[in-house]
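Listed below, chain by chain, are the residues.
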Amino acid sequence: MAIINQATKELQVKIVYYGPAMGGKTTNLVQVHDHVQTAAGNKGKLVSLATSSDRTLFFDFLPIEAMSIKGFKTKFQLYTVPGQVIYNTTRQLVLRGVDGIVFVADSQYEKMTENAESFQNLLDNLKSLRLNLEEIPYVLQYNKRDLPNAAPVEYMEFLLNNRDVQVPSFTSVAHKCEGVFESLNMITRLLLNKYINQNVPQYA
Amino acid sequence: MATLPQLFEEDIQQLDDVLREFLRSTDALTAMIIDKGGFLISYQGDSRQFDLTTIGALASGAYLANQTIANLVNEENFDSVYQQGENVSMFATNIDEQSLLTVIFKAQVGVGVVKYYANTAREQIAAQMRIAQERDPGGGLDLSVLNIADTSGLFKRKM
């Protein structure tokens with residue numbers, strides 16, 4: 001859950017990149033880290049807890065301070081989860097306190113089962129944290145569009161964006177930074193607007 | 001899931017007073033209050049030689065991983081986690097459902113003294129958190145004060 005500190009005028013939000021193994025979640029963070037425009041010192045280190053074969057073991061973590069909004073410093077914490085099935089407990093831990101989710105799907109035909117399983121796994125893990133996807137803003141990113149065996153976007157929409165409320169979706173080639181910032185800006189917009197539109201009491 | 005209460009200046013001041021007193025008593029380097037979701041809530045002590053934002057994220061992950069291990073060995077809770085280094089050590093202990101007290105201290109300072117004073121500090125911090133919670137039990141955070149009309153382009157790609 002986002003934290004707003006009235007004393008220090010800071011807003012902190014947590015965005016988690018979720019999806020099947022080797023789908024491009026870490027690549028998204030690497031691209032954001034390498035290409036984001038920030039004032040000096042506002043971009044933290046990209047921390048990766050990875051195995052020797054570069055698979056994410058615990059999570060990747062990237063803190064970024066974006067522009068100030070109405071005098072509030074906005075600090076974004078971007079996390080990825082490990083995609084491999086065996087690391088489910090870790091995925092649950094990383095989801096704790098999540099404000100927004102970018103689901104990174106692998107566009108290759110043969111990965112469709114893994115995409116669907118990972119999406120179901122997300123729903124299950126949110127449920128275990130007494131959360132549900134209706135309450136948490138999320139966007140879909142269909143990655144690896146440059147591969148010859150990429151499934152049509154309509155097919156991926158049918159597979160993953162077929163719930164009562166359709167969410168924004170983006171095609172991407174994460175290693176070329178295509179679609180990366182579009183997804184990040186949209187999830188940021190959705191999650192901030194969600195709080196703005198909630199009719200919660202005003203504080204002095 | 002229960003959320004951290006909204007903290008006002010008076011809350012942060014109280015929390016910082018507790019942390020300052022704790023540092024005085026223990027001679028620790030840095031004391032942090034961390035949300036279990038990975039956010040740094042407040043700290044006192046040295047923030048120049050340590051990247052406290054990243055330490056907060058990693059410490060909360062490590063602490064929660066240890067809680068999961070506790071459950072796997074039929075232990076209700078590993079209340080505290082102590083990581084011993086050659087020069088610097090770290091101690092993390094539970095405050096309440098939402099937050100942790102994490103302390104970085106020189107390895108030559110015994111962990112006993114840190115544990116002892118951490119018990120008092122975490123009770124005082126938990127008490128202040130309860131005050132904040134009871135002020136508005138149902139209240140989460142209110143971003144409407146920000147009045148953001150357009151958030152597009154919040155993150156821009158370098159050309």
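Every value quoted in this text rests on a predicted model; they were computed, and no experiment measured them.

Visitor: Looking at this structure, how should I read the sheet that holds strand β4 (residues 88-94) of chain B?
Guide: Hydrogen bonds between backbone groups are what pair the strands of a sheet, and the pairing can be parallel or antiparallel. Residue and element names in this part refer to chain B. Taken in spatial order, the five strands line up as β2-β1-β5-β4-β3 in an open sheet, and their pairing is antiparallel. The strands lining the two open edges of the sheet, one partner per strand, are β2 (40-45) and β3 (80-83). The mean angle between the axes of side-by-side strands here comes to 15°, regardless of whether they run parallel or antiparallel. Looking at chain direction, strand β1 (residues 30-35) and strand β5 (residues 99-106) are connected through six bridges and run antiparallel. Within β5, the residue paired with Asp 35 across the bridge is Ser 99. Set on the sheet, helix α1 (residues 9-26) makes contact with β1, β2 and β5; between it and β2 the angle comes to about 40°. The strands touched by helix α3 (residues 111-135) are β1, β3, β4 and β5; relative to β5, the strand with the most contacts, the crossing angle is about 150°.

Visitor: Which parts of the structure should I look at to understand α1 of chain B?
Guide: Residues that lie three or four places apart on an α-helix share one face, since the helix turns once every 3.6 residues. All names here are of chain B. With 18 residues, α1 extends 26 Å between its outermost C-alpha atoms, agreeing within 8% with the 26 Å of an ideal straight helix rising 1.5 Å per residue. Of all the residues in α1, the buried ones are Asp 11, Gln 14, Leu 15, Val 18, Leu 19, Phe 22, Leu 23 and Thr 26. The inward-facing, buried residues of α1 abut β1, β2, β5 and α3. Backbone geometry just downstream of α1 places Asp 27 in the positive-phi region, at approximately 65°.

Visitor: Honestly, the confidence of the model for chain A in this entry has me stumped. Any pointers?
Guide: Close reading of the predicted structure is inappropriate where its pLDDT is low. Averaged over every residue, the pLDDT of chain A is 87; the share at 70 or more is 91%. Contacts of residues 199-204 of chain A to residues separated by more than four positions or lying in other chains number eleven contacts, the stretch itself having pLDDT below 50.

Visitor: Even after reading the chapter, I still don't get helix α2 (residues 88-95) of chain A, so can you show me in this structure?
Guide: The set of residues buried in α2 of chain A consists of Thr 90, Arg 91, Leu 93, Val 94 and Leu 95 of chain A. For α2 of chain A, the secondary structure elements touched by its buried residues are β2 (10-18), β4 (56-65), β5 (73-80) and α3 (112-128) of chain A together with α2 (52-72) of chain B. Phi turns positive, to about 75°, at Gly 97 of chain A, one or two residues after α2 of chain A.

Visitor: Please clarify how the packing of α2 of chain A against α3 of chain A should be interpreted in this entry.
Guide: For any two helices packed against each other, the geometry is given by the interaxial angle and the distance between the axes. Residues and elements named next belong to chain A. In contact at an axis separation of 10 Å, α2 and α3 are set at 60° when each is read in the N-to-C sense. Judged by the angle between their axes, α2 and α3 are oblique. As for how α2 packs across α3, the hand of that crossing is right-handed. The segment α2 lies against α3, with Asn 88, Arg 91, Gln 92 and Leu 95 engaging Asn 121, Asn 125, Leu 126 and Ser 128. By residue class, the composition of the contact of α2 with α3 is two nonpolar, five polar and one charged.

Each value, and the rule that gives it
- Residues numbered from 1 in each chain as written.
- Chains lettered and ligands numbered in written order.
- Predicted model: local features only at pLDDT ≥ 70, side-chain atom pairs only at ≥ 80, totals over all residues.
- Pairing = 2+ DSSP bridges.
- Helix = DSSP H or I, 4+ residues; strand = E, 2+ residues; numbered from the N terminus.
- Axes fitted to C-alpha atoms, helices over the stretch in contact; angles between N-to-C directions.
- Contact = placed C-beta atoms within 7 Å.
- Expected span 1.5 Å × (residues − 1).
- Buried ≥ 20, exposed ≤ 12 C-beta atoms within 10 Å, placed from the backbone.
- pLDDT = per-residue confidence, 0-100.
- Parallel < 35°, antiparallel > 145°, perpendicular 65-115°, else oblique.
- Left-handed = near helix turned anticlockwise from the far one by under 90°.
- Nonpolar A, V, L, I, M, F, W, Y, C, P; charged D, E, K, R; others polar.

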